[in-house]
2 protein chains.
Amino acid sequence: MITLIGYVAAALTTISFIPQLIQIINTKDTKSISLPMYILFVIGIALWLIYGLLRMDWPIIIANIITLITASIILTYKIKEDPNSK
Amino acid sequence: MITLIGYVAAALTTISFIPQLIQIINTKDTKSISLPMYILFVIGIALWLIYGLLRMDWPIIIANIITLITASIILTYKIKEDPNSK
């Protein structure tokens, strides 16, 4: 039961970045997205992935591979943001 | 060493939401923030907190209390967003 709660928690926090990514792809709007947030977050997720690989903990590995991909694409859109956009 | 990587990873992903929250408080702009992302994320973090409490795993408890507070405030700002804002 406790493990199930952990898996549902991991699934929700992992898939939550997908609607954010879709919104950014559709609107190209990243104005209210924080650049420092996504820099810190992507580095943190990369470390979570290393941590998971070192412990061969598959739920951590899989969740963080997915989040690393979505968060990295969001960060790339933010970095390439048009500074003149409204 | 592996545990240290885990703590640094947890610290980075936890504090990453603070610059996002500060930016929203200062600008009141949440237009490019995804509402479904923060709904899924806050529910997921609440489950992570329950998971940590059931296992009495303090790093998980502390990290997710902080993230639950910051992410909930961001979600509140998003829900109260002025639909006429640019």
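Preceding this paragraph is the structure being described.
Residues numbered from 1 in each chain as written. Chains lettered and ligands numbered in written order. Predicted model: local features only at pLDDT ≥ 70, side-chain atom pairs only at ≥ 80, totals over all residues. Heavy atoms only, no water.

Novice: I would appreciate a short explanation of the packing of aromatic side chains in the present structure.
Specialist: Any aromatic ring pair is given by two values, namely how distant the centres are and how the planes are angled relative to each other. Residue and element names in this part refer to chain B. In total, this model carries ten aromatic pairs over all chains according to the counting rule given. Judged by centre distance (6.3 Å) and plane angle (90°), the rings of F17 and Y38 are edge-to-face. Placement of the pair is F17 in helix α2 (residues 17-27) and Y38 in helix α3 (residues 35-55), with a sequence separation of 21 residues. Here F17 and Y38 have matching classes, each one buried. Ring geometry for W48 and Y51: centres 5.6 Å apart, planes at 80°, overall edge-to-face. Of this pair, W48 and Y51 both sit in helix α3, separated by three residues, roughly a single helical turn. For W48, a relative accessible area of 22% translates into the label partly exposed. (Phe/Tyr/Trp six-rings, centres within 6.5 Å; stacked < 30°, edge-to-face > 60°. Helix = DSSP H or I, 4+ residues; strand = E, 2+ residues; numbered from the N terminus. Buried < 20%, exposed > 50% of the residue type's maximum accessible area, 1.4 Å probe, protein only.)

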